Every structure is written in C-alpha cells, then in structure tokens.
Amino acid sequence: MNLKTGSEKTLFEPTGLPPWSMTISLALQHLVAMIVGCVTPAIMIANVTGMAQDLRVLLIQSSLVMAAVTTLLQLFPIGNKWIKFGAGLPVIFGVSFAYVPSMQAIAVTENGIAAIMGALAVGGIVATIVGFMVDKIHKFFPPLITGTVVFTIGLSLYPTAINYMAGGTANTYELVVETKGLTEALVYGSWQNWLVAIITLVVVLVLNQKGKGVFKLASILIGMVVGYAVAAAFGMVSFSDVASASMIATPKVLPFGMVFDPAACIAIGLLFAINAVQAIGDFTATTIGGMNREPSKEELKGGIITYGISNTLASFFGGLPMATYSQNVGIVTTNKVINRTVFATTGVFILIAGFSPKFAAILTTIPQCVLGGATLTVFATIAMTGMKLIASQKLNARNTTVVGLAVALGVGVTQASASIGQLPESFIMIFGKSPVVIATIVAVFLNIILPKED
C-alpha cells in the first residue's frame, strides 16, 4: 500500500492513502447517502412490534454496527485462490428495505422479532449457498425477473409510507398540542401529521430535483431535518427517553432471542436468494462505473458468500438484513472514487454511530409522519428501478405476461388476504403476507415454462 499521502490520484486507485481532508469529506458523503436508509427499517420494525424504548435503541444500534462490520469485511477480503471472503470492491452495506414487508408480517406473529432473527440466520446461510453456486443459479434471475421482484417490493412498500404519513397505523401520540386554546390529540390521519409529512416530502423533492452537490445527495436527510423541526413545533417530539440512554455501549449477543419459525425462514430465505443474485447487479455497476471493467468471478463469489455469512452473524447480534446500497454505487459511478480507504472511513463512521445508544435514542424520536414523507420517494425509486430493469428487456407478449401475472398474483393475493384465509397458517405466512414471495415464484416459473419468442 502506498503510505504517502497528499496525492489526489490515489482516490481513483483501489489502494493507497489519499489526503485525509478529501478522504473524510468523501467518506461523509457516503455516510449521508446511506444513514437514513440504514436506520429507517429498524425504526419501522420497532414500531410494528411495539417494543420498549431500550430495545428500540438496541435494534437501531445493532443494525448500524453490523452494517459497518459487513462493509469492512467486503472491503478487505481474506482467503486464498480456492475460497475468498469479501469482494474487495468499493461498496457500502446497510439494512435493506427489500425485507421490510416480510419482516413486518413476521413481527406481528407470536414470536415477533425473535422469529425475524431466526429467519435472518437461515437467510444468510441461503445466500452463502447461492454464493458458492452463483454461476448456476444466476441464469434463473435475468433482468426481467429481478426487475419484477424489485418493482413488486416498491409497490408493497407504498401502503407503509402512506400509513406513516398519516401518523402510523392506528397511532395516537401521547403528546398533545394547543390549537387556539383547545387541546387536540394528534391521532392517525390528523391534519398535523399530513402537513408535516407533505412539508418533508416537498423539501426532499425540491432538493432532489433542483439541488446540487451535497444538497442533492442529502435531500432525504435535509427533508427529515426540516420535517423534524416542524413536528417539534407541533409538540410531536419528546426527548424524555434520550436522557436515560448511555453515551457508549457495545451490542449484545442474542438480545432479542432467536426462534426458527419454518414459514418465516422460507419467506426470508427466498428473499435472500433473490437479493444475493441482485447484489451481482450492484457489484457490476460499481466495477463498470468506477473501474471500466466487469467484476471477476472471484469478486462476485467472495462478495455474495460474505454477504450471506455477515447476515447470519448479524442475526446473533440483533441486526437486520443487509444488502449493497445502490445510492452509494451511484456515487462511485459519478465521481469514480474507488479508494478503499475512503469506504473504510465511512465504515468507521457507521461503527462509531452504532456504538452510541444516545445517537440511536435520538433517532427513535423521529415522528412517523416525518419518516413517511421522507421514505415515499425512496419506495418510489425502488419501484421505478424495477421498472427500468423490466423495460431493458423486449416487452413482447411473453415478457409482459410474465411480469403482469407475477405482479397481479403477488399484489392481488396479499391485498385480498381473506381469499386464502381458510388455508394453513404456515401457508398464509409464506405466501399471503408479502407480495414479493408469490411474485418471485410466479415470475421464475413462467420464465422457465413459457416458450421464448424468436
């Protein structure tokens, strides 16, 4: 490694020490791009389960720590020519929204968060197996299929965003506000919730479309700060639990327990198989956009194997499912900075944030309406990313049938969940709670059996 600092050229090389001023500023750029997306799924799952404040803080803290650990493991591979752990590519990992619909369904079951951790452990093993078999499995997930899956994920998250914008499903704030001398409870669907959510959304949209540099990059973060300030003015924010949170603490082993529910394991395991293959897209976009080359088989294999192992490890420390972050891939393709020191510095920043329960406690004070206004654009982007993948293929009668039927059955069955209400509970858990599972199975099956057009 080049130990001499001061040369800007090292920013565009995998190894070497760039100037620290540039390293830190570029690392913060990556941190700003991913931090909101990394903590929001944890906050959502905590809200669904109704867990106590100390456990909410621990869930966010553990997710941040494991995101940092996963990122660092990917950046610095270990192993030999037969097996290597880590891709060695400039990527950032964080908690993935792709698993949120299924996790929300599991969270309300008897075993709740413990079942999520058990399913995460199994899902990581599934992804590890996919990593060893990536060459054989990849052919079953062409862009048409991965696009259908990603599009369905985006669609399935829309109701979550709208419910959050309204204040959280059936949520009533304990706090009250004074409106013209009258005390008014901030209930689900109140005008205060919607006003805060729309202000947050507008700020995100304006900065995303008109902002430049860090303002465009941090549009979601800035939108949440503005929304948070407005919510505080309405009395929606309370810091009563922040004061009691410690400044520094380490994650705990099995803080939520671990239960292996077969239905939950199947549902999450299937998603891991899909997202392991989807990670190939982010690895490829990183190398093509930042290095002008395709990733090697060793890089893909090592990256996906480590993706699986790190997620299984995360389940033992109370983290949530992680994946590559496309927004950080976008930064690489834009500025061409691929130096691992920059990304390792980002990983260290995430790690520091994860070791601070005080920081995690502050995040739990974000009102749900602010989260809804900020994440609606994220979910829309996920859906449109899937649409772009679908549109990259020829939209003939066969392909439109694959996509149309897969999405129709996936979304339709889960929206009309009573239609399968007489079937076994385990079947409902796997196929009736998240549209992604049905859409994936149908899309893969139809893509295999339908004859391809000349």
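Remember, predicted model here, so these are calculated numbers, not experimental data.

What counts, and at which threshold
Per chain, residues are indexed from 1 in the order of the written sequence. Confidence filtering applies because this is a predicted model: local features only for residues at pLDDT of at least 70, side-chain atom pairs given and counted only at 80 or more, and all residues used for totals across whole chains, interfaces and linings. The basis for every side-chain value is the complete set of heavy atoms in the structure, and neither hydrogens nor water enter the calculation. Here a helix means four or more residues in a row that DSSP labels H or I, a strand means two or more in a row labelled E, and each is numbered from the N terminus. The size measure is the radius of gyration over C-alpha atoms, and the globule rule it meets is 2.2 Å times the number of residues to the 0.38 power. Residue exposure (1.4 Å probe, protein chains only): buried if accessible area is under 20% of the type maximum, exposed if over 50%, otherwise partly exposed. Under the convention used here, a 1.4 Å probe and the Shrake-Rupley method define accessible areas, while residue burial counts only the protein chains that appear. None of His or the chain ends enter the tally, which takes Lys and Arg as positive and Asp and Glu as negative. Charge positions come from single atoms, namely NZ of Lys, CZ of Arg, CG of Asp or CD of Glu. Salt bridges are defined as contacts in which a side-chain nitrogen from Lys or Arg sits within 4 Å of a carboxyl oxygen from Asp or Glu. The pocket and cavity definitions rest on a 1 Å grid over protein atoms only: a 1.4 Å probe that fits but cannot leave marks a cavity, an open set with protein on both sides within 12 Å along at least five of seven lines marks a pocket, and residues lining either have an atom within 4 Å of a point. Grid points are joined across faces, edges and corners, and a volume is the space filled by probe spheres set on the points. Nonpolar residues are Ala, Val, Leu, Ile, Met, Phe, Trp, Tyr, Cys and Pro. Charged residues are Asp, Glu, Lys and Arg, and all others, Gly as well, are polar. For patches, a residue must show more than 30% relative accessible area and have no salt bridge; joins then use 9 Å for like charges and 5 Å for nonpolar side chains, namely Val, Leu, Ile, Met, Phe, Trp and Tyr. Residue-level confidence of the predictor, termed pLDDT, takes values from 0 up to 100. The contact rule is simple, with two residues in contact once any of their heavy atoms fall within 4.5 Å.

A tally of regular secondary structure across the protein chain gives 18 helices and 6 strands. Here the C-alpha radius of gyration of the protein chain, 22 Å, is about what a compact globule of 454 residues would show, namely 22 Å. Reported as C-alpha extents along the three principal axes, the dimensions of the protein chain are approximately 70 × 65 × 45 Å. Relative to its 454 residues, the protein chain shows a buried fraction of 55%. Working note: accessible area of the protein chain is about 19200 Å², and carbon and sulfur atoms make up 67% of it. Here the protein chain carries 23 positive and 17 negative side-chain charges, and the mean point of each set is 11 Å from the other.

Below, the discussion takes up unusual backbone geometry. With phi around 45°, Leu-254 is a residue other than glycine that occupies positive phi space. In this fold, Leu-254 is placed in the loop between α9 (219-233) and α10 (262-291). Look at Leu-254 and you get partly exposed, because its relative accessible area is 38%. Positive phi outside glycine occurs at Asn-292, with the angle close to 60°. Positionally, Asn-292 belongs in the loop between α10 and α11 (297-316). A residue is classified by how much of its surface remains accessible, and Asn-292, at 70% relative accessible area, is exposed.

Moving on, we come to the pattern of salt bridges. Summed over the entire model, instances satisfying the criterion amount to 1 salt bridge. Measuring nitrogen to oxygen at the nearest pair gives 2.9 Å for the salt bridge that ties Arg-293 to Glu-299. By relative accessible area, Glu-299 is classed as buried at 11%.

Tallied over the entire structure, the rule returns 1 cavity of 30 Å³ or more. Considered as a void within the structure, the largest cavity measures approximately 30 Å³ in volume. What lines the largest cavity is Ser-102, Ala-105, Ile-106, Ala-267, Met-429, Lys-433 and Ser-434. Among the elements that take part in the lining of the largest cavity, helix α3 (residues 100-107) stands out by supplying 3 residues, more than any other. Of the residues belonging to the lining of the largest cavity, the class tally is 4 nonpolar, 2 polar and 1 charged.

With that settled, the discussion passes to a nonpolar patch on the surface. Taken together, the side chains of Ile-162, Trp-194, Ile-198, Val-202 and Val-206 define a hydrophobic patch exposed on the protein surface, amounting to about 390 Å² of accessible area. For the nonpolar patch, the element with the highest residue contribution is helix α7 (residues 191-210), accounting for 4 residues. When you line up the elements, Ile-162 lands in helix α6 (residues 143-165).

Another point: the confidence of the model for the protein chain. The pLDDT averaged across the protein chain works out to 86; a share of 94% of its residues lies at or above 70. At the low end of the mean pLDDT range in the protein chain sits strand β4 (residues 172-179), at 41; at the high end sits helix α4 (residues 112-132), at 95. In the predicted structure, residues 170-185 sits below a pLDDT of 50 and forms 35 contacts with residues beyond four places in sequence or in another chain.

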